[in-house]
Amino acid sequence: MLKGNINTLIDRGLYLIHARNAKVGVWLEKKKSFIISRWKFESNFLFEEFHYNTGAPYGTAWELEGPFEIVPPEKEITLNYLNKKEKEIQGIDEKIEAIESWQKSKFTNPLTCSVDSTHPLLKPVWKYNTFFLQCPKCKCKQWEGYIPEAVFESIDWKRKVKE
Ligand SMILES: [Zn+2]
């Protein structure tokens, strides 16, 4: 079975992708791969994920949406660029704002540490291109999937990429 359509991808287009190590990638037509920002422990490096349709065992990534923009040929595709796009495409600024206003509101039950609810309120964190809440005291983490949906209801969910 094919996933996505390798024939309609635009060279150097920025796509939302399904991949193991990133959510955005720039399509490299010649290599039939997406270039991504990959984090492994503390290190951050450029990495290529081959398109699923190039076959096993290396082809694992495919496009979900896009292209949101096309990186001009004279512009280098850098980690800085890809990390910025990861943050934008995942709507992190909006999520941080939603969490902060939820935590400050008098009308909501604030999100608290699961180890000890008397610890200071959880804080939103964006690290290694991953979003989570963290207890300022014991550093325990709460992953995005466990945050109640109501917290994000004020956000316009439409993904957007800023210029
Ligand atoms: Zn704690």
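These figures come from a predicted structure and were not determined experimentally. (Residues numbered from 1 in each chain as written. Predicted model: local features only at pLDDT ≥ 70, side-chain atom pairs only at ≥ 80, totals over all residues.)

(A) Broad picture of the pairing of strand β3 (residues 33–40). Across the 8 residues of β3, 6 count as buried, placing the element largely inside the fold. Across 3 bridges, the pairing between strand β2 (residues 24–28) and β3 is antiparallel. The residue bridging Trp 27 from the neighbouring strand is Phe 34, located in β3. Between β2 and β3, which pair antiparallel in sequence order, lie 4 residues; one of them, Lys 32, sits at a positive phi of approximately 55°. Here 8 bridges tie β3 to strand β4 (residues 43–51), and the two strands are oriented antiparallel to one another. Following the sheet pairing, Ile 36 is matched in β4 by Phe 47. (Buried ≥ 20, exposed ≤ 12 C-beta atoms within 10 Å, placed from the backbone. Helix = DSSP H or I, 4+ residues; strand = E, 2+ residues; numbered from the N terminus. Pairing = 2+ DSSP bridges.)

(B) Representation of the sheet that holds strand β6 (residues 123–127). Taking strand neighbours across the sheet as the criterion, the 3 strands line up as β6-β7-β8 in an open arrangement whose pairing is antiparallel. Both outer strands of the open sheet, β6 and β8 (141–143), are each paired with one neighbouring strand and no more. Taken pair by pair, the neighbouring strands of this sheet meet at an average axis angle of 40°, ignoring direction. Lying on the sheet, helix α2 (residues 92–104) is in contact with β6 and β7 (130–134); it crosses β6 at an angle near 160°. (Axes fitted to C-alpha atoms, helices over the stretch in contact; angles between N-to-C directions. Contact = placed C-beta atoms within 7 Å.)

Read these as layout, nothing more, since geometry by itself doesn't imply function.
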